[in-house]
Amino acid sequence: KHFQIMEPRFLFPHRFKLIGWIIAIPSIILGLFVLINDLRFDFLTFKLPFNYVFADEFLSSDDKGNEFSVFNFTDEIAVIGSIIGLLLIAFSRVKIEDEYVSQIRLESLQWAIYLNFALLIIATLLVYGLAYYMVAIYNMITPLLFFVVRFHYILFFKNNDKGAEHRPIRPTEL
């Protein structure tokens, strides 16, 4: 008999995991400062020479009567950086990507989705008004965050218990 090892498709190369951490950590911290302290960097404020339809900002005008929209992109940088960084962490190969790791990856993704939507249903029942808007904002990154935490926890800590049935995973393999 001839056995074929299944190669996981759609995973980034292993080196992208470090790039993901470098992008995700500062972006998540920036996002928390934006949400908690309403942090805005002035150098990320731009005047757009048109009425942007998908914004709740009011139009401003200069001395000549030209209308423009003023936007600060600090929060957009935080969200996009968090999503890209977490995607790279979550979907980069580990050094030894075998069937066991693929199974842990699948189970962790399923677990993260279940947990995320269970919390979202609870929040929908218990949280109202502008606070619910904050739940929706957090919900943009929580599925990826739950996945990354559980995947790495199972792969490294649970797998390295003395009673583990599978080979130990060393930190250098993550």
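Caption draft 1: Focus on the nonpolar core. With 17 residues, the main nonpolar core has Leu86, Ile104, Phe147, Val148, Phe151 and Leu155 as its most contacted residues. When residues of this core are traced back to their parent elements, those giving at least two are helix 2 (74–90), helix 3 (99–126) and helix 5 (142–158). Other than its neighbours up to four places away in sequence, Phe151 contacts Val94, Val101, Ile104, Arg105 and Ser108.

Caption draft 2: Representation of helix 2. The first and last C-alpha atoms of helix 2 sit 24 Å apart over 17 residues, in line with the 24 Å expected at 1.5 Å per residue. Within helix 2, burial applies to Thr74, Ala78, Gly81, Ser82, Gly85, Leu86, Leu88, Ile89 and Ala90.

Caption draft 3: Fine view of the environment of Glu97. Inspection of the secondary structure assignment puts Glu97 in the loop between helix 2 and helix 3. With relative accessibility at 15%, the residue Glu97 sits in the buried group. For the pair Glu97 and His14, spaced 83 residues apart in sequence, the C-alpha to C-alpha distance is 9.6 Å. In this structure the side chain of Glu97 is engaged in a polar contact, spanning 3.0 Å, whose partner is the backbone nitrogen of Val94. Engagement of the side chain of Glu97 in a polar contact is seen with the side chain of Arg105, the distance being 3.0 Å.

Caption draft 4: Quick look at the side chain of His152. Following the sequence through the fold, His152 ends up in helix 5. Note on His152: relative accessible area 13%, which makes it buried. Reaching out from His152, the side chain makes a polar contact with the side chain of Lys17 at a distance of 3.3 Å.

Thresholds applied
- Residues numbered from 1 in each chain as written.
- Predicted model: local features only at pLDDT ≥ 70, side-chain atom pairs only at ≥ 80, totals over all residues.
- Heavy atoms only, no water.
- Core = buried A, V, L, I, M, F, W, Y, C linked by side-chain atoms within 4.5 Å.
- Buried < 20%, exposed > 50% of the residue type's maximum accessible area, 1.4 Å probe, protein only.
- Helix = DSSP H or I, 4+ residues; strand = E, 2+ residues; numbered from the N terminus.
- Contact = heavy atoms within 4.5 Å.
- Expected span 1.5 Å × (residues − 1).
- Polar contact = N/O pair within 3.5 Å; in protein donor to acceptor, adjacent residues only side chain to side chain.

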